[in-house]
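Coordinates in review
Here is how the chains run, residue by residue.
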Amino acid sequence: EPRRIGTRRAPVLFTPELARALIGHFVGAVRGTAQYREASFLLKAAGQKVFPENVNITEHPHVPKGLASAPFDDEGVATADNTLVEGGVLQHYVLSSYSARKLGLATTANAGGVHNLQVDATSSGGLEAQLRRMDTGLLVSELMGQGVNGITGDYSRGAAGFWVEKGVIQYPVAEITIAGNLRDLLRGIVSIGDDVDVRGGIHPGSILLEQMTIAGE
């Protein structure tokens, strides 16, 4: 029987499937369209530290049988491996020819999206190790609602999952809301697991966040 928990601030661990959406919000914010419309919580962030310094994110468009592999982007521009984030620093925006022109930059061959974005693990041992690292907090297994503002970075979504103490799942929780600002959440990543989910175009493991506001009763 799921419980509700009282409002608190605590560490939050996203499963790999949900971590993909978190990284997806970052990718959306560094797309050329969001940049030239000035509709991004990471406006003009190229060259800035967006993640902790142990976070690296690279794109590999030519992975054999990769779900998002492509020799060309949607505009026919040849794709190549590239580094989006190195040492936590955003290296460049995600650009099509059109958005690149609007910003006075060169395309990154990303018309139509990213191709096999690899989010390097910063820790080993899968979800079990991540739970131990979190010690006490919330493992999120389900998100509901659309409470994400791409311009301000404000993030608030309904959630369900499990309350964890001393690295061990204690009981299911439901009818809670988790909230924070994406800029702070990305910078507050404690570790990225090696339990990678390779479906879709973005491949992270589970992501442990330093803390979020968990609103319950």
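Refer to the structure above for everything that follows.
A few points on the structure.

Conventions adopted
- Residues numbered from 1 in each chain as written.
- Predicted model: local features only at pLDDT ≥ 70, side-chain atom pairs only at ≥ 80, totals over all residues.
- Heavy atoms only, no water.
- Helix = DSSP H or I, 4+ residues; strand = E, 2+ residues; numbered from the N terminus.
- Expected span 1.5 Å × (residues − 1).
- Buried < 20%, exposed > 50% of the residue type's maximum accessible area, 1.4 Å probe, protein only.
- Polar contact = N/O pair within 3.5 Å; in protein donor to acceptor, adjacent residues only side chain to side chain.
- Contact = heavy atoms within 4.5 Å.
- Core = buried A, V, L, I, M, F, W, Y, C linked by side-chain atoms within 4.5 Å.
- Salt bridge = Lys/Arg side-chain N within 4 Å of Asp/Glu carboxyl O.
- Pairing = 2+ DSSP bridges.
- Phe/Tyr/Trp six-rings, centres within 6.5 Å; stacked < 30°, edge-to-face > 60°.
- Lys NZ or Arg CZ within 6 Å of the ring centre and 35° of its normal.

What follows covers helix H1 (residues 16–29). Over its 14 residues, H1 extends 20 Å from the first C-alpha to the last, a length consistent with the 20 Å expected when each residue adds 1.5 Å. Among the residues of H1, Pro 16, Leu 18, Ala 19, Arg 20, Leu 22, Ile 23, Phe 26, Val 27 and Ala 29 are the ones counted as buried.

Right, let's talk about the side chain of Asp 197 for a bit. Inspection of the secondary structure puts Asp 197 in the loop between strand S9 (189–192) and strand S10 (202–203). Taking the relative accessible area as the measure of exposure, Asp 197 reaches 8% and is therefore buried. Among the polar contacts listed, one links the side chain of Asp 197 to the side chain of Arg 199, at a separation of 3.0 Å. Setting aside anything within four residues of it in sequence, one finds Asp 197 in contact with Pro 16, Glu 17, Arg 20, Ile 202, His 203 and Pro 204.

Core analysis: the largest hydrophobic core is formed by 49 residues, its most contacted members being Phe 14, Phe 26, Phe 51, Leu 138, Ile 178 and Ile 214. Ranked by the residues each element gives to this core, the list is headed by H1, at seven residues. Every residue in contact with Ile 178, bar those within four places of it in the chain, is listed here: Phe 14, Leu 138, Val 140, Leu 143, Tyr 155, Ser 156, Arg 157, Ala 159, Met 212, Thr 213 and Ile 214. Judged by nonpolar contacts, the second largest core, of six residues, contains Leu 13, Leu 139, Val 164 and Leu 208.

Summed over the entire model, instances satisfying the criterion amount to seven salt bridges. Residues Arg 187 and Asp 184 are paired through a salt bridge, measuring 3.6 Å at the closest nitrogen-oxygen approach. Within this pair, Arg 187 and its partner Asp 184 are both found in helix H5 (residues 182–187), separated by three residues, close to a single helical turn. With relative accessibility at 46%, the residue Asp 184 sits in the partly exposed group. Salt bridges here are not isolated pairs; linked through shared partners, they connect Glu 17, Arg 20, Asp 197 and Arg 199.

Turning our eyes to something else, we now look at the sheet that holds strand S4 (residues 89–90). One open sheet holds the five strands; their spatial order is S4-S3-S2-S5-S10, and the pairing between them is mixed. The open sheet has two edge strands, S4 and S10, and neither has a second partner.

Glancing now at the packing of aromatic side chains. Scanning the entire structure with this criterion turns up two aromatic pairs. With a centroid separation of 4.9 Å and 75° between ring planes, the pair formed by Phe 26 and Phe 51 is classed as edge-to-face. Residue Phe 26 is found in helix H1, and its partner Phe 51 is found in the loop between helix H2 (32–36) and strand S2 (57–59); the two are separated by 25 residues along the sequence. Phe 51 shares its class with Phe 26; the two are buried. Taking 6.0 Å as the distance between ring centres and 75° as the angle between the ring planes, the aromatic pair formed by Tyr 36 and Tyr 98 counts as edge-to-face. Here the residue Tyr 36 occupies a position in helix H2, and Tyr 98 occupies one in helix H3 (residues 97–103), the gap between them amounting to 62 residues. Residue classification places Tyr 36 among the partly exposed residues on the basis of a relative accessible area of 22%. Of note, Arg 8 hangs over the ring of Trp 163, and the distance from its end group to the ring centre comes to 4.7 Å.

Nothing here speaks to function; it is all geometry.
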